[in-house]
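Close look at the chain arrangement
This is what each chain is made of:
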Amino acid sequence: MNLREHTRKYCDKDNRLASLSFFGTFVVYFTSLWLAISQSGHWYVLIPAVVVHAFSAVRLYVLQHDTGHHSLFATRELNELAGHALSPFTFAPFEVMKQNHNLHHAGVGNLDHRETGEINTMTLREWNNAGFWSRLQYRLYRNPFILVPAGALFTYFIRYRWPKNTMRFGWKGVVLHNVAVLAWVGLIYVLSGWHGLGIYFAASMVGGMLGVFLVYLQHNFEDTYWDRRPDLDPQIAAIQGSSCLDFGAWFDHAVACITLHDIHHLNSRIPSYRLRACHYSLPEEFAPRRIKFLEAVAALNLKLWDEEQGRLVRFPRAEDRVRSTADSIVG
């Protein structure tokens, strides 16, 4: 069975479904934000509204990601227009982020091009050869209690104001994007003051942390795939090197199926509203292992790529290093 050929059956775009996904998500996004601000004195309304808003924000981000692949609407023009329209609400400048993400697809699973990924991964050999300060920095960076909140704060509110490769892919678009973000934030302030702005940023942080958690899991799990050319196999990198998260159908729909990252990396032209159908149509022998929620949380403990074992591993324990040194001396 040719997997790529199989996935092409699910690449048809439907502007009606795309519009429902696009405008429907905006309705949820604005309604939940209004509820959170207007009913902030009632925690039983505020907390659910913030959570719903966070999920809708992640969904908008995923839809913008789809427009970058021209896989949401039927035409290039509609995708480009939608991508720019989403930009102020995702905090991500469309053109530069689109190009950066294309570089990520080109470098997925390639140990020699880890700079194209969102989360930096060090190999076990590099860790063993690293000095104290490099190890400390990496330990702090990969600590989930730092990576998730600090990563969300830095990435969405600071780094995206001037993303990597901005000068290469278009600084004018980034400047205009930042003006649009400022106008959107200013509108919230005019309508609801500092109180509303605080709730908006709090909800955005929750959405950002959810986004970082999902981004981490896309390529950081025990049985993921990394290799170097010429041995690198793009199809294995796409299917095995990208996760399939099984948190339930409701979760898939809430985040526009970015959980099915394996199929997306194999064929990025599949619209998000067809990813589930494509993934669950795969014969059992080709269906990738699906990662449940508890296993996904446990994957946050995996930090280093072991090239010899071909899997992601934890930081070495002190006794492991002593034993390894003793074995090398004896050998």
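Preceding this section is the structure that the text describes.
It should be emphasised that the depicted structure is a prediction, and the values quoted were computed from it without experimental measurement. (Residues numbered from 1 in each chain as written. Predicted model: local features only at pLDDT ≥ 70, side-chain atom pairs only at ≥ 80, totals over all residues. Heavy atoms only, no water.)

Quick look at the pattern of salt bridges now. On inspection of all chains with the given rule, the structure shows 11 salt bridges. In this structure, the salt-bridge partner of R16 is D14, at a minimum N-O distance of 3.3 Å. The exposure class of R16 is exposed, given its relative accessible area of 68%. (Salt bridge = Lys/Arg side-chain N within 4 Å of Asp/Glu carboxyl O. Buried < 20%, exposed > 50% of the residue type's maximum accessible area, 1.4 Å probe, protein only.)

Judged by nonpolar contacts, the single largest core of 61 residues is most densely connected at L214 and L217. Of all the secondary-structure elements, those providing two or more residues to this core are α2 (15-38), α3 (43-68), α4 (76-90), α8 (144-157) and α10 (171-219). A total of 16 residues in this core trace back to one element, the largest contributor, which is α10. The contacts of L217, once residues within four sequence positions are left out, are S243, L245, F247, A296 and A299. Formed by 14 residues, the second largest nonpolar core is a distinct cluster that contains L260, L266, C278 and L282. (Core = buried A, V, L, I, M, F, W, Y, C linked by side-chain atoms within 4.5 Å. Helix = DSSP H or I, 4+ residues; strand = E, 2+ residues; numbered from the N terminus. Contact = heavy atoms within 4.5 Å.)

Moving on, we come to α3. Here α3 is 26 residues long and its end C-alpha atoms lie 37 Å apart, about the 38 Å a rise of 1.5 Å per residue gives. H70 sits one or two positions beyond α3 and adopts a positive phi of about 55 degrees. (Expected span 1.5 Å × (residues − 1).)

Quick look at α8 now. In this model α8 runs 19 Å from its N-terminal to its C-terminal C-alpha over 14 residues, within 8% of the 20 Å that 1.5 Å per residue would give. Along α8, the sharpest change in direction is near 30 degrees and occurs at G151. Listed as buried for α8 are L147, V148, G151, A152, Y156 and F157. Taking the backbone nitrogen of F145 as reference, a side-chain oxygen 2.9 Å away marks N143 as the first, capping residue of α8. (Bend = angle between axes of the 7 residues up to and from the residue. Polar contact = N/O pair within 3.5 Å; in protein donor to acceptor, adjacent residues only side chain to side chain.)

Attention shifts here to the environment of L217. Secondary-structure assignment places L217 in helix α10. Each C-alpha atom of the pair L217 and A150 lies 17 Å from the other, and the pair is 67 residues apart in sequence.

Let us look at the packing of α2 against α3. Between α2 and α3, the least distance of the axes is 8 Å, while the angle of their chain directions is 150 degrees. By the angle between their directions, the pair α2 and α3 is classed as roughly antiparallel. Between α2 and α3 the crossing geometry is left-handed. Note on element contacts: α3 touches α2 through V45, L46, A49, V50, V52, H53, S56, A57, R59, L60 and L63, opposite S21, F22, T25, F26, V28, Y29, S32, L33, L35 and A36. (Axes fitted to C-alpha atoms, helices over the stretch in contact; angles between N-to-C directions. Parallel < 35°, antiparallel > 145°, perpendicular 65-115°, else oblique. Left-handed = near helix turned anticlockwise from the far one by under 90°.)

Here H70 is to be found in the loop between α3 and α4. Within the structure, the side chain of H70 is placed 2.7 Å from the side chain of E80, a separation counted as a polar contact.

With that out of the way, let us pick up the packing of aromatic side chains. A complete count under the given rule lists 31 aromatic pairs for this structure. Look at F26 and F89: their rings are 5.3 Å apart centre to centre, the planes differ by 80 degrees, and that puts the pair in the edge-to-face class. In this pair, F26 is assigned in helix α2 and F89 in helix α4, connecting sequence segments 63 residues apart. Accessibility assignment for this pair places F26 and F89 in one class, buried. Each member of the aromatic cluster is reached from another via a ring pair, and the members are F22, F23, F26, Y29, F30, F73, F89, F91, F157, W184, Y200 and F201. Geometry around F315 places R139 over its ring, the cationic atom sitting 4.3 Å from the centre. (Phe/Tyr/Trp six-rings, centres within 6.5 Å; stacked < 30°, edge-to-face > 60°. Lys NZ or Arg CZ within 6 Å of the ring centre and 35° of its normal.)

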